[in-house]
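Results of the structural survey
Spelled out from the first residue to the last, the chains are:
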Amino acid sequence: MNKHLLEICNLSKAMPAATNQAPVPVLRGISLDVARGEFVAIVGPSGSGKSTLLYCMSGLEPPTEGTVRLLGNDLDALDRKAQARLRRDHVGFIFQSYNLIPSLTASENVALPARLARRKAGRERVDAALAAVGLSGQAEQKPGTLSGGQQQRVAIARVLAMSPDIVFADEPTGALDTEAGTQVLALLRNTAAQDCSVVMVTHDLQAAARADRVLVLRDGAVHRELLRPSAEEVFDAVTDRGSQVA
């Protein structure tokens, strides 16, 4: 079994520009691997390409150049249906926008991915996922009656209930208060400590410091790579303060 769940080689992405102008480069030749059980955080200034990289890695957006291998599958060699099946069966997503179905209860939203994959969405598993994010009492409430932070936790419970091989998280603590955010990071940390990998984009440097490895992006390229850093070390790398002092 390949120890790497995700392998990226020379990944580049350019966005269309105005008429008669060259495409705008967003990602520039990024190569990296994510091992099974690893928790990787991606940080960097706004506009550095963090979310675009996450979407390209997960197959939600095609790169302009380079290859992405997800669970041993070259995404470029798969058609749309095969990519969708791969994501449905093996990948979990935590988006900033939650992506909950307004007409479904919290419990039904958590069970939905399993239903779409034609698996049994066991009530015990759903209840355990909601309990893990502190929402046992809100199982029958619909998203419109929940706060933004509670909706985010439902979205995270939805991923936990699926037990995916890899989780892509885009600002998973962005709508949470300090206590709830700490709880969610602990859940992601525990998830990565098992057989699942987590790749997280975040502006929160304290959150990034919970990861095994932190990639600092700047101008669409990996500027620094840090192993189990402190929040201060992440801050120094993002602001380039260390090199300025040197």
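Residues numbered from 1 in each chain as written. Predicted model: local features only at pLDDT ≥ 70, side-chain atom pairs only at ≥ 80, totals over all residues. Heavy atoms only, no water.

**Side note on the overall build of the protein**
Across its full length, the protein holds nine helices and 10 strands. Here the protein has a C-alpha radius of gyration of 18 Å; the compact-globule value for 246 residues is 18 Å, and the two agree. In the protein, once contacts between residues fewer than 6 apart in sequence are set aside, the share between residues at least 24 apart is 66%. Summed over its atoms, the accessible surface of the protein is roughly 12,100 Å², and 49% of this surface lies on carbon and sulfur atoms. (Helix = DSSP H or I, 4+ residues; strand = E, 2+ residues; numbered from the N terminus. Rg over C-alpha atoms; globule rule 2.2 N^0.38 Å. Contact = heavy atoms within 4.5 Å. Areas by Shrake-Rupley, 256 points an atom, 1.4 Å probe, with all protein chains shown as cover.)

**Some words on the sheet that holds strand β10 (residues 221-227)**
Sheet strands pair by backbone hydrogen bonding; their relative direction is either parallel or antiparallel. Spatial ordering of the open sheet is given by β6-β7-β8-β3-β9-β10, a layout of six strands whose pairing is mixed. Looking at which strands have only one partner, the edges of the open sheet turn out to be β6 (91-94) and β10. Across this sheet, the average inter-strand angle for adjacent strands is 15 degrees, counted without regard to direction. Across the face of the sheet, helix α1 (residues 50-58) comes into contact with β3 (39-43), β6, β7 (166-170), β8 (197-201) and β9 (213-218) while running at roughly 155 degrees to β7. Of the strands in this sheet, β3, β9 and β10 are in contact with helix α8 (residues 231-239), which crosses β9 at around 20 degrees. (Pairing = 2+ DSSP bridges. Axes fitted to C-alpha atoms, helices over the stretch in contact; angles between N-to-C directions.)

**Considering the side chain of Asp165**
Within the secondary structure, Asp165 sits in the loop between α5 (148-162) and β7. Here the side chain of Asp165 touches His90 through a polar contact of 2.7 Å, side chain to side chain. Those residues in contact with Asp165, other than ones at most four positions away along the chain, are Leu5, Arg36, Leu71, His90, Asp195, Cys196 and Ser197. (Polar contact = N/O pair within 3.5 Å; in protein donor to acceptor, adjacent residues only side chain to side chain.)

**Re the state of the cysteines**
Note: disulfide means a covalent bond formed between the sulfur atoms of two cysteine side chains. Within the structure shown, the criterion is met by zero disulfides. Unpaired in this structure, Cys56 has its nearest cysteine sulfur neighbour in Cys9, at a distance of 14 Å. (Disulfide = S-S within 2.5 Å.)

**Quick look at the nonpolar core**
In this structure, Val43, Val110, Leu130, Met200, Val214 and Val234 are the most contacted members of the largest nonpolar core, which totals 44 residues. Apart from the residues within four sequence positions on either side, Met200 is in contact with Phe39, Val40, Ala41, Ile42, Ala169, Pro172, Leu185, Leu188, Ala207 and Ala208. One finds Leu6, Leu32, Met57 and Phe168 within the second-largest nonpolar core, a separate group that totals 28 residues. (Core = buried A, V, L, I, M, F, W, Y, C linked by side-chain atoms within 4.5 Å. Buried < 20%, exposed > 50% of the residue type's maximum accessible area, 1.4 Å probe, protein only.)

**A word on the layout of surface pockets**
Estimates place the volume of the largest pocket at around 430 Å³. Of all elements in the fold, only α2 (80-90), β6, α3 (106-116) and α5 reach the threshold of two or more residues within the lining of the largest pocket. Per-class residue counts for the lining of the largest pocket are 11 nonpolar, two polar and three charged. One number sums up the size of the second largest pocket: a volume of about 320 Å³. (1 Å grid on protein atoms, 1.4 Å probe; cavity = no way out; pocket = protein on both sides within 12 Å on 5 of 7 lines; lining within 4 Å. Points joined across faces, edges and corners; volume = space filled by probe spheres on them. Nonpolar A, V, L, I, M, F, W, Y, C, P; charged D, E, K, R; others polar.)

**Structural notes on the sheet that holds strand β5 (residues 73-74)**
Read from one edge of the open sheet, four strands run β2-β1-β4-β5, paired in antiparallel fashion. Of all the strands in the sheet, the pair left with one neighbour each is β2 (24-35) and β5.

**Description of the packing of aromatic side chains**
Within this structure, the stated rule accounts for three aromatic pairs. Taken together, a centroid distance of 5.5 Å and an interplanar angle of 10 degrees make the contact between Phe93 and Phe95 stacked. The residues Phe93 and Phe95 share a single accessibility class, namely buried. Three or more aromatic residues joined by ring pairs form one cluster here, namely Tyr55, Phe93, Phe95 and Phe168. (Phe/Tyr/Trp six-rings, centres within 6.5 Å; stacked < 30°, edge-to-face > 60°.)

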